[in-house]
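Single-letter residue listing:
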Amino acid sequence: MLVLNADCGPLHRVSLRHAIRMLFRQVAVVHEAEPDDRIGVYPVPTVVRLVSYVVTRWRRGRGPGWSRAGVLVRDGRKCAYCGAAASTIDHVLPRSRGGRNEWLNTVAACGRCNNRKGDRTPAEARMPLRTTPFAPIWSASFA
Ligand SMILES: [Zn+2]
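Rules behind the numbers
- Residues numbered from 1 in each chain as written.
- Predicted model: local features only at pLDDT ≥ 70, side-chain atom pairs only at ≥ 80, totals over all residues.
- Heavy atoms only, no water.
- Helix = DSSP H or I, 4+ residues; strand = E, 2+ residues; numbered from the N terminus.
- Buried < 20%, exposed > 50% of the residue type's maximum accessible area, 1.4 Å probe, protein only.
- Contact = heavy atoms within 4.5 Å.
- Donors = N, O, S within 2.8 Å, 3.2 Å for Na, K, Ca; no water.
- Tetrahedral: all angles 85-135°; square planar, octahedral: opposite > 155°, others 65-115°.
- Salt bridge = Lys/Arg side-chain N within 4 Å of Asp/Glu carboxyl O.
- 1 Å grid on protein atoms, 1.4 Å probe; cavity = no way out; pocket = protein on both sides within 12 Å on 5 of 7 lines; lining within 4 Å.
- Points joined across faces, edges and corners; volume = space filled by probe spheres on them.
- Nonpolar A, V, L, I, M, F, W, Y, C, P; charged D, E, K, R; others polar.
- Phe/Tyr/Trp six-rings, centres within 6.5 Å; stacked < 30°, edge-to-face > 60°.
- Lys NZ or Arg CZ within 6 Å of the ring centre and 35° of its normal.
- Core = buried A, V, L, I, M, F, W, Y, C linked by side-chain atoms within 4.5 Å.

Engineer: Could you give an account of the overall build of the chain, with specific residues and numbers?
Structural biologist: Within the chain, the secondary structure is distributed over five helices and six strands. Starting at the N terminus, the α and β elements of the chain follow one another as β-β-α-β-β-α-β-β-α-α-α. For the chain, the residues scored as buried account for 39% of the 143 residues in total. Taking the contacts inside the chain whose residues are at least 6 apart along the sequence as the reference set, 56% of them involve residues at least 24 apart.

Engineer: I'd like a description of the coordination of the zinc ion, backed by residues and values.
Structural biologist: Within the protein, Cys79 (SG), Cys82 (SG), Cys110 (SG) and Cys113 (SG) serve as the donor atoms for the zinc ion, at 2.3 Å. The coordination sphere of the zinc ion comprises four donor atoms, whose angles at the metal cover 103 to 115 degrees; the geometry is tetrahedral. Sequence positions of the residues that donate to the zinc ion give the spacing C-x2-C-x27-C-x2-C. With cysteine 79 in the loop between α2 (68-74) and β5 (88-91) and cysteine 110 in the loop between β6 (106-109) and α3 (111-117), this residue pair connects regions lying 31 residues apart in the sequence. Judged by its relative accessible area of 9%, cysteine 110 is buried.

Engineer: Outline the pattern of salt bridges, supporting the account with residue identities and numerical values.
Structural biologist: The full count for this structure, using the stated rule, is three salt bridges. With a shortest N-O distance of 3.0 Å, lysine 117 and aspartate 90 are connected by a salt bridge. Of this pair, lysine 117 sits in helix α3 while aspartate 90 sits in strand β5; the two residues are 27 residues apart in sequence, bridging distant segments of the chain. Given a relative accessible area of 0%, lysine 117 falls into the buried group. According to the relative accessible area criterion, aspartate 90 is buried, its value standing at 3%.

Engineer: Can you explain the layout of surface pockets? Please cite residues and give values.
Structural biologist: There is about 520 Å³ of room inside the largest pocket. Around the largest pocket, the lining comprises 23 residues; the ones closest to its centre are Arg21, Arg74, Asp75, Thr131 and Phe134. Residue assignment for the lining of the largest pocket shows that the elements contributing at least two residues are α1 (16-24), α2 and α5 (138-142). Counting residues per element, the lining of the largest pocket draws most heavily on α1, which supplies three residues. Residue composition of the lining of the largest pocket, grouped by class: eight nonpolar, seven polar and eight charged.

Engineer: Go over the environment of tyrosine 53 with me, naming the residues and quoting the values.
Structural biologist: Tracing the chain through its elements places tyrosine 53 in the loop between β4 (42-50) and α2. Between the C-alpha atom of tyrosine 53 and that of cysteine 8, which follows or precedes it by 45 residues, the distance is 9.3 Å. Sequence-distant contacts of tyrosine 53, defined by excluding residues within four places in its chain, comprise Asn5, Ala6 and Asp7.

Engineer: Describe the packing of aromatic side chains, listing the residues and the values that go with them.
Structural biologist: Summed over all chains, the structure comprises zero aromatic pairs. Positioned over the ring face of phenylalanine 134 is arginine 74, at 5.5 Å from the centre of the ring.

Engineer: Give me the nonpolar core: which residues, what numbers.
Structural biologist: In terms of nonpolar packing, the biggest core is built from 16 residues, with Leu72, Cys79, Tyr81, Ala86, Val107, Cys113 and Met127 touching the most fellow members. When residues of this core are traced back to their parent elements, those giving at least two are α2 and β6. Filtering out sequence-adjacent residues up to four positions away, valine 107 remains in contact with Val71, Arg74, Asp75, Ala80, Tyr81, Thr88, Ile89, Asp90, Val92, Leu129 and Pro133. Listed in part, the twelve residues of the second largest apolar core include Val14, Val27, Val48 and Leu50.

Rendered as structure tokens:
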């Protein structure tokens, strides 16, 4: 799913689910859609466009750098495993096994799930993620 800036310049890619969240929050509009596919009454977007122009302050197309606080904000301070209030960060692939401090490898987690998961992957711990971690961009995720 391609996201365009308000001036139609390409910004980055997001999941369909993330794109639909942006549409519902009215930070983006459908730019191109599949003519025959629908989700309920809505056409399935293939390209969405931001409503207001995002100044890409650093490198074009890059979002904010990774931070623990940023992961909590991105995930709405909800545990990615059980949905309870989260105050810790879990590494999907544990750090002890080479997992890095990156947007796509970290999720908000409550202390209980974090302890329970330990040094295992979600599959090994049989703790499926409720949401897929994504790399945010400034406007869409922190607006
Ligand atoms: Zn939890």
